Amino acid sequence: MADFRMPSLGADMDEGTVVEWLVQPGQVVRKGDIVAVVDTEKSAIEVETFDSGTVTEIVVPVGQKVPVGTVLARLSAEAPEAVPGPRPAPAGPPAPTVRVGPLAPTVRPPAPAVSPAPAPPPEHVRVTSPLVRHVLERKGMDTAGLHGTGVGGRLTRADLATTGAAPPGAERPRVTPYARRLAAELGVDLATVPAGPDGAVGAREVRRAAEAAPAAAPVPTAAAPVPAVPAVTPAPSETAHADHVDHAERMRRQIAERMSRSNAEIPHYYLSTTVDMSAATQWLQERNRGRGMRDRLVPAALLLKAVALALRKVPGLNGYWVDDHLAAEQQVRLGVAVALRGGGLVVPAIADADLMPVEELMAHLRELVERARRGRMRGSDLAEPTITVTDLGERGVESVMGVIYPPQVALVGLGSVVKRPWAVDGLLGVRPLVTATLAADHRASDGHVGALYLTAFERLVQRPEEL
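This report concerns the structure included in the present document. Sequence order sets the numbering: in each chain, residues are counted from 1 along the sequence as written. Thresholds applied to this predicted model are a pLDDT of at least 70 for local features of residues and 80 or more for the giving and counting of side-chain atom pairs; totals over whole chains, interfaces and linings are not thresholded and use all residues. Side-chain measures here rest on the full set of heavy atoms in the structure, leaving out hydrogens and waters.

### Section: helix α6 (residues 278-287)
Burial classes follow relative accessibility: with a 1.4 Å probe on protein chains only, a residue under 20% of its type's maximum area counts as buried, one over 50% as exposed, and anything between as partly exposed. The helix count covers DSSP runs of H or I at least four residues long, the strand count covers runs of E at least two residues long, and both are numbered beginning at the N terminus. Of all the positions in α6, only Ala280, Trp283 and Leu284 are classed as buried. Axial view of α6: buried residues confined to an arc of 100°, hence all on one face. In this description, the arc belongs to the directions extending from the helix axis to the C-beta atoms.

### A few points about the sheet that holds strand β8 (residues 71-75)
For two strands to count as paired, DSSP must find a minimum of two bridges between them. Pairing within the open sheet is antiparallel, and its four strands lie in the order β1-β8-β6-β3. The open sheet has two edge strands with one neighbour each: β1 (2-5) and β3 (28-29). Direction of pairing for strand β6 (residues 53-58) relative to β8: antiparallel, over a ladder of three bridges. When the bridges of β8 are listed, Val55 appears paired with Leu75.

### So, the layout of surface pockets
Here the second largest pocket is characterised by a volume of approximately 890 Å³. Here a cavity denotes grid points, spaced 1 Å and computed from the protein atoms alone, that fit a 1.4 Å probe unable to get out, and a pocket denotes an open set having protein on both sides within 12 Å along at least 5 of 7 lines; residues with an atom within 4 Å of a point are the lining. Along the wall of the second largest pocket there are 33 residues; nearest its centre are Ala300, Val369, Arg373, Asp391 and Glu394. Every element with two or more residues in the lining of the second largest pocket is listed here: α5 (238-265), α7 (299-313), β15 (338-339), α8 (358-374) and β18 (387-391). Per-element accounting of the lining of the second largest pocket gives the leading share, six residues, to α8. Residues are sorted three ways: Asp, Glu, Lys and Arg are charged, Ala, Val, Leu, Ile, Met, Phe, Trp, Tyr, Cys and Pro are nonpolar, and all the rest, Gly among them, are polar. Partitioning the lining of the second largest pocket into residue classes produces 22 nonpolar, five polar and six charged. Grid points are joined across faces, edges and corners, and a volume is the space filled by probe spheres set on the points.

### Regarding the pairing of strand β19 (residues 410-414)
Counting buried residues in β19 gives five out of five residues, a clear majority hidden from the surface. Alternating positions in β19 separate into two faces, Ala410, Val412 and Leu414 on one and Leu411 and Gly413 on the other, with burial throughout. With four bridges connecting them, β18 and β19 associate as parallel partners. Within β19, the position partnered with Asp391 by the bridge is Leu414. Bridging between β19 and strand β21 (residues 427-441) involves five bridges; their strand directions are antiparallel. Counted as the bridge partner of Leu411 is Ala439 from β21.

Distances and angles like these do not, on their own, reveal function.
Here you go:
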């Protein structure tokens, strides 16, 4: 028996909320499968399991906030072959299979796996809002087939927004909060999404609907007029927008608390150097010949590789300040600050960035940024980085004086590549230059160590063939 516990998705995470379960009891899972969505102060994170087996029990229900380390679900030690997890119903009725046990006196087909039947709709739901009553009358809807998510089972505007003009007595499936937000992001009309095996519309069903939607077909949006009640029908994205605002505020609050702690506790010192990018630029041009736009290498990938490799040469900056001493780390986990479109930022980590070829690092970075900005980060993306890089070159910033993320002891800031007059061997010319800034914790290192690191970084950038 293995326990699936609330993971720690960062040094500052103390608790999390289960937003949605993507598995059900009896379902077989493999190591690395995404089994749940957990809401943290950063965002909703898709969490993988580290064990294989069969889900035997869901311990923590959706919506409950629990501390890190709490058992969320239990898995059997091995995955039995005869207990498949719930899957979407096939188009036709499955052919029954018959198994004969050695001691069985009769031959009986096993009971087919049947999804749990949804609870029968209530005879009525409470309607207390005049606006909700007005919408029901205009649409000709019957409350017997509706599910109220408000206090005491009351119908809300959000319930009607995802219900549509259903005929009297027709039951609409329950929609999880995370699925509602994901549908708004992907442009999926929830009224067209069928329920899953558990009778509810979850993230899995929304993603399937998004993948099945024709690329050329316009997706109904909140701005599209509704003929029946154009003035009073709420937009389907209202709930998602409220969730997004709440997430942004919480994220901003967490960033403020962590940076305040960093400035109060960490004695920062700063060093910077200007690096000639001529050799790196020429190397990139040669490597990009014949590549498509998506496969081309950008300076950021090369600079990130140099940041990681320099830590191998100067390991005194790779680790954490814990219990008044430096806890050095052998593995380089490169944190990359990613600005989110709706505000705030996250710092996913790239493990073993020093061992990756530049092409692999580039592909990993692109995928990581896309997942972060779509709000589909995984638990493995948030392993605590050993050092963080803030690259604001795309924003036109020439130098970055960063603030260290505790318990890390260093942060590298990278600016944009700009052309400036530069003297080489006594000759003045125009060269592409980048400014790299190191913010380091004076408790863990001093200026000598910081200077050694920036020198190693500069040499690596100027010898791109060694990266």
